[in-house]
Amino acid sequence: MKPTLFLLAAGMGSRYGGLKQLDGLGPNGETIMDYSIYDAIEAGFGKIVWVIRKDFEEQFRTQILAKYEGKVKCELCFQGIDALPEGFSVPEGREKPWGTNHAVLMGKDVIKEPFCVINCDDFYNRDAFMVIGKYLANLPEDAKGQYAMVGFRVGNTLSENGTVSRGVCSKDANGNLTTCVERTKIARLEDGTVAYRADNKEDGEWVSVDEAAPVSMNMWGFTPDYFQYSEEYFKEFLSDEANIKNLKSEFFIPLMVNKLINDGTATCKVLDTTSKWFGVTYSEDRPETVARIAKLVEDGVYPNKLF
């Protein structure tokens, strides 16, 4: 069974200042997700699923889905702040969505095969798709709890225009993930070293990290049993008074994966890639991203027009 590519596209991109998932960056207005989908198809993926907000479904269908008709199977699902388990309600004053793993949960009714989760606004490069696609395609048909993540080398994932958020990972002797800690402020310092702010605070002390340390770019590989585990743990998350009182608390993918690893329910293989990430975390990143895509097209890595 061919794996599915699941794209998280429900965010507005607050730091970028617009709906960057739909920003045309290629020579014919291609979006970053167009290149991800092209690479995924090349890597053997058989279906594309997006999770989006319901309020821009029409624009999304017109601007994005139409171009893939007849080329690959596509489906949509929707993330809403009120998409909660029975017995739970949105806390008064809450406006922020519930996070990446809540977005993943929205795909439970349309994804029945191994799947790879990615962000829509990150340019992962083809090697990353080949690595995760091969892993998922080779899983036994009834596989459960044998997950994976593509571990990008942190030095290949930075922006020149500000700090970035990355899940800094550690792994055991078998290459399985042991921890993934979300660091929201990572940067290359003036002396060339890579470091993150302690406690994710603006004035926190800089803590250095190895240039080749694996980090999560939200490129995960799961089997459908992941949805059931996520549903159960989301109820625990919502039952925690601290999460309800904090109107910005989020149900992150690393939070879920860490739990499953720690309680022995699942393993998560860390897959190395030589791919260099780039994207538009900040609006200032855009010109460089456009130039890098143009160079890949010029070098023949991608055709001038994708779809």
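Refer to the structure printed above.
Structure report, in brief. (Residues numbered from 1 in each chain as written. Predicted model: local features only at pLDDT ≥ 70, side-chain atom pairs only at ≥ 80, totals over all residues. Heavy atoms only, no water.)

1. A word on the pattern of salt bridges
- Applying the stated criterion to the full structure yields 15 salt bridges.
- Salt-bridge contacts for Glu113 lead to Lys47; the nearest nitrogen and oxygen are separated by 3.1 Å. Here the residue Glu113 occupies a position in the loop between helix H3 (100-105) and strand E4 (115-119), and Lys47 occupies one in strand E2 (residues 47-52), the gap between them amounting to 66 residues. Judged on exposure class, the residue Glu113 and its partner Lys47 are both buried.
- The closest approach of N and O atoms between Glu231 and Lys108, which form a salt bridge, is 3.4 Å. With Glu231 in helix H5 (residues 225-239) and Lys108 in the loop between H3 and E4, the pair connects residues that are 123 residues apart, well separated along the chain.
- On the basis of relative accessible area, Glu231 is assigned to the partly exposed category, the value being 33%.
- For Lys108, a relative accessible area of 31% translates into the label partly exposed.
- Several salt bridges share partner residues, and in doing so they unite Lys47, Lys73, Glu75 and Glu113 into one network. (Salt bridge = Lys/Arg side-chain N within 4 Å of Asp/Glu carboxyl O. Helix = DSSP H or I, 4+ residues; strand = E, 2+ residues; numbered from the N terminus. Buried < 20%, exposed > 50% of the residue type's maximum accessible area, 1.4 Å probe, protein only.)

2. Examining the packing of helix H1 (residues 32-42) against helix H4 (residues 126-137)
- Relative to each other, H1 and H4 sit at 45°, their axes nearing to 9 Å. Compared by their axis directions, H1 and H4 come out oblique. The interaxial crossing formed by H1 with H4 has right-handed handedness. Counted together, Ser36, Tyr38, Asp39, Ala40 and Glu42 of H1 and Arg126, Phe129 and Met130 of H4 form the full contact between these two elements.
- Its residues assigned to classes, the contact of H1 with H4 comprises four nonpolar, one polar and three charged. (Axes fitted to C-alpha atoms, helices over the stretch in contact; angles between N-to-C directions. Parallel < 35°, antiparallel > 145°, perpendicular 65-115°, else oblique. Left-handed = near helix turned anticlockwise from the far one by under 90°. Contact = heavy atoms within 4.5 Å. Nonpolar A, V, L, I, M, F, W, Y, C, P; charged D, E, K, R; others polar.)

3. Re the nonpolar core
- If you look at the biggest cluster of nonpolar residues, it comprises 47 residues, and the most contacted ones within it are Leu5, Leu7, Trp50, Phe60, Ile132, Phe152 and Met219.
- In terms of residues, this core owes the most to one element, H4, which gives five residues.
- Core analysis: the second largest hydrophobic core is formed by 37 residues, Leu8, Leu84, Phe222 and Leu260 among them. (Core = buried A, V, L, I, M, F, W, Y, C linked by side-chain atoms within 4.5 Å.)

4. Re the pairing of strand E6 (residues 146-153)
- A large share of E6 lies buried, amounting to six of its eight residues.
- Of the strand pairs in this sheet, E6 and strand E12 (residues 267-272) are connected by six bridges, and their pairing is parallel. Each bridged residue has a counterpart across the sheet, and for Ala148 the counterpart in E12 is Lys269.
- Pairing of E6 with strand E11 (residues 214-222) involves five bridges; the strand directions are antiparallel. Within E11, the residue paired with Arg153 across the bridge is Pro214. (Pairing = 2+ DSSP bridges.)

5. Topic: the pairing of strand E9 (residues 194-197)
- The alternating pattern of E9 places Val194 and Tyr196 and Ala195 and Arg197 on opposite faces, both of which are buried.
- Note: strand E8 (residues 177-188) against E9, three bridges, orientation antiparallel. In the strand pairing of E9, Ala187 is matched with Ala195.
- Counted along the chain from E8 to the antiparallel partner E9, the turn is five residues long, and its residue Gly192 has a positive phi close to 95°.

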